[in-house]
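A structural walkthrough
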Amino acid sequence: MSVNEISVPYLKVTQPVGTFYVASMDFRDVLAIAKADIRTLDKGGAFDRYLGIQRNVSKKRQSEIASYCTTIDATFPTSIILSIQSMDENGIDKGNIRFENGLMIIKKEENVASILDGQHRLEGMKSALMDLENIKFDLNVTIFIDADIDKQAQIFSVINKAQTKVNKSLVYDLYEYSVNRCPQKTAHDIVRVLNRKMESPFYKKIRILGMTNDAETETIAQATFVEWIIKYISKNPMKDRDALKRKSFFGKSKLEKADIEESKKLIFRNMFIDENDSEIIQILYDYFCCVRDRWPNAWNENKDDNVLNKSTGIIALMKFLRDVYVNSLNQDKPFRDYCKRVFSNVRISDNSFSKREYIPGTSGQSTLYKRLCESFNS
């Protein structure tokens, strides 16, 4: 077998769309043959023409995958989908692919295959793993042979159109089953405790799994609350999760505590590292009890026009929490007493948290946050 060829066992699959082949390939081999057929605007002809079927690579998504694929439990179980043309436009065999003795043999050469799905995974792996010699990472690869551009476009569109975005609250709820400590699990557990505790300001107010079971009381999406707790624990929660898992398995790799300056942003980080989750719960409990006491009607009533106990209000309040907590460190009174004083200086009435005043979305969140901050100057 030539060193310029990739030889792998395969499975033949026949479906209404036609026949395709499934194989396990080393990610380096996939990168050696695959290119993304990026959709671009070609102005070289008489008419502007759109060429290609793939989307441009998102640098943010690529970076996220690069970080993920170096973790201890990284996995990409779904297929990278490739298209290989075996013949040129004149019907002459290009020697790109053949089958011998139960093996699929692919020419190991750039641009032999086009990527129909999986470009971000491949770009992420390329940037993170190519220089790591001891990394073994096989990919599940599906290969279509001699699919014309119409069929390729159809496959791509069906894959992406059919995908349903996973509910974020469900994703975070699944961390309940994690056996290892991590920012995501801790934040999830904290939200669950606050939702179940009868005297908590969040009692039965959280939409667990993002779905409403009681429309009269549940106003806050689980994911919204969880994500803001995570923001105050970690700049890179996936990296922290990986480090803690490695520590559990191998007894090494621990988290770095936040220094004085960093702890002004990551206010819960050192508590998390010290496994002092009860302190995080107490801070959130005291802070939002003061919110509830300051604006009891807006906090407790689930009216369509009221934003305080919905995403707009919760996000603005969580953002303001950092300012309040950092300022409280210079006070000689308990945190809850300081919160009470801060909120007493906020010049917003109990009946003014309307959507007209605070437009749902980032604009309303920013407006409310700025008005909360004015309390420090009162």
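Residues numbered from 1 in each chain as written. Predicted model: local features only at pLDDT ≥ 70, side-chain atom pairs only at ≥ 80, totals over all residues. Heavy atoms only, no water.

1. A look at the overall build of the protein chain
When its secondary structure is counted, the protein chain shows 14 helices and 13 strands. For the protein chain, with 378 residues in total, the buried portion stands at 43%. In the form shown here, the protein chain has an accessible surface area of approximately 20,800 Å², with 49% of it arising from carbon and sulfur atoms. (Helix = DSSP H or I, 4+ residues; strand = E, 2+ residues; numbered from the N terminus. Buried < 20%, exposed > 50% of the residue type's maximum accessible area, 1.4 Å probe, protein only. Areas by Shrake-Rupley, 256 points an atom, 1.4 Å probe, with all protein chains shown as cover.)

2. Remarks on the nonpolar core
Inside soluble globular proteins, nonpolar side chains tend to come together where they are buried. Counting residues in each nonpolar core, the largest one holds 63 residues, and the members touching the most others are Phe 225, Phe 268, Leu 284, Tyr 287, Phe 288 and Phe 343. The greatest single-element share of this core, amounting to 10 residues, is contributed by helix H10 (residues 277-294). Counting 31 residues, the second-largest nonpolar core is a separate cluster that includes Ile 6, Ala 34, Phe 76 and Phe 137. (Core = buried A, V, L, I, M, F, W, Y, C linked by side-chain atoms within 4.5 Å.)

3. Quick word on the pattern of salt bridges
Summed over all chains, the structure comprises 23 salt bridges. Two residues, Glu 261 and Lys 264, come together in a salt bridge whose shortest N-O distance is 3.2 Å. Relative accessible area serves as the criterion here: at 53%, Glu 261 is assigned to the exposed category. Residues joined in a network through salt bridges with shared partners are Glu 5, Arg 98 and Glu 100. (Salt bridge = Lys/Arg side-chain N within 4 Å of Asp/Glu carboxyl O.)

4. Regarding helix H13 (residues 335-344)
Among the residues of H13, those classed as buried are Phe 335, Tyr 338, Cys 339, Val 342 and Phe 343. Each buried residue of H13 lies within a common arc of 130° when the element is viewed along its axis, so the set occupies one face. In this fold, the buried residues of H13 make contact with H10, helix H12 (311-328) and helix H14 (362-373). (Arc of directions from axis to C-beta. Contact = heavy atoms within 4.5 Å.)

5. Section: the sheet that holds strand S9 (residues 103-107)
Spatially, the 3 strands line up as an open sheet ordered S1-S9-S8, and their pairing is antiparallel. The sheet terminates laterally at strand S1 (5-9) and strand S8 (97-100), the two strands that pair on one side only. Sheet twist, expressed as the average angle between the axes of neighbouring strands with direction ignored, equals 25°. Pairing of S8 with S9, which is carried by 4 bridges, proceeds in the antiparallel orientation. (Pairing = 2+ DSSP bridges. Axes fitted to C-alpha atoms, helices over the stretch in contact; angles between N-to-C directions.)

6. Description of unusual backbone geometry
For Asp 146, which is not glycine, the phi torsion reads 60° and is therefore positive. Its location among the elements puts Asp 146 in the loop between strand S11 (138-145) and helix H4 (149-162). Assessed through its relative accessible area of 37%, Asp 146 is described here as partly exposed. Residue Glu 275 is not a glycine yet carries a positive backbone phi of 60°. On the basis of relative accessible area, Glu 275 is assigned to the exposed category, the value being 58%.

7. Focus on the side chain of Ser 354
By the element assignment, Ser 354 lies in the loop between H13 and H14. Overall, the relative accessible area of 10% leaves Ser 354 in the buried class. For Ser 354, the contacting residues outside a window of four places in its chain are Asp 305 and Val 307.

8. Focus: the pairing of S9
By the bridge criterion, 5 bridges tie S1 to S9 in an arrangement that is antiparallel. Paired with Glu 5 across the strands is Lys 107, a residue of S9. Joining the antiparallel neighbours S8 and S9 is a turn of 2 residues, in which Asn 101 adopts a positive phi near 50°.

9. What to know about the side chain of Ser 79
Tracing the sequence through the fold places Ser 79 in the loop between helix H2 (59-68) and strand S7 (80-84). For Ser 79, a relative accessible area of 18% puts it in the buried group. For Ser 79, the residues in contact, after removing those within four places along its chain, are Asp 117, Arg 121, Asn 140, Val 141 and Thr 142.

10. Examining the environment of Cys 182
Looking at the element boundaries, Cys 182 is found in the loop between helix H5 (168-173) and helix H6 (183-196). Classification of Cys 182 by relative accessible area gives buried; the value is 1%. In sequence terms Cys 182 and Phe 272 are 90 residues apart; their C-alpha atoms lie 8.9 Å from each other. When neighbours within four sequence positions are excluded, Cys 182 is seen to be in contact with Tyr 175, Arg 241, Leu 244 and Phe 272.

11. Looking at the environment of Asn 96
Among the secondary structure elements, Asn 96 is positioned in the loop between S7 and S8. Given a relative accessible area of 6%, Asn 96 falls into the buried group. Put simply, Asn 96 and Val 112 are 16 residues apart on the chain and 6.4 Å apart in space, counted from C-alpha to C-alpha. Setting aside chain neighbours within four positions, we find Asn 96 in contact with Ile 84, Gln 85, Ile 105, Ile 106, Lys 107 and Val 112. A distance of 2.7 Å separates a polar side-chain atom of Asn 96 from the backbone oxygen of Gln 85. (Polar contact = N/O pair within 3.5 Å; in protein donor to acceptor, adjacent residues only side chain to side chain.)

12. What about the confidence of the model for the protein chain?
Taken as a whole, the protein chain shows an average pLDDT of 87; of its residues, 88% reach a score of 70 or greater. Segment residues 38-51 is flagged for pLDDT under 50; beyond a separation of four residues in sequence, or across chains, it makes 23 contacts in the model. (pLDDT = per-residue confidence, 0-100.)

13. Brief notes about the packing of aromatic side chains
Where two aromatic rings form a pair, the distance of their centres and the angle of their planes describe that pair. One pass over the structure, following the stated rule, counts 20 aromatic pairs. Geometrically, the ring pair formed by Trp 228 and Tyr 232 is edge-to-face, given 5.9 Å between the ring centres and 65° between the ring planes. Tyr 232 shares its class with Trp 228; the two are buried. In textbook terms, an aromatic cluster arises when at least three aromatic residues are bridged by ring pairs, as seen for Phe 202, Phe 225, Tyr 287, Phe 288, Trp 295, Trp 299, Phe 320, Phe 343, Phe 353 and Tyr 358. Here the basic side chain of Lys 197 rests over the ring of Tyr 285, its NZ or CZ set 5.2 Å away from the ring centre. Lying over the aromatic face of Trp 299, Lys 205 brings its terminal NZ or CZ to 5.5 Å of the ring centre. (Phe/Tyr/Trp six-rings, centres within 6.5 Å; stacked < 30°, edge-to-face > 60°. Lys NZ or Arg CZ within 6 Å of the ring centre and 35° of its normal.)

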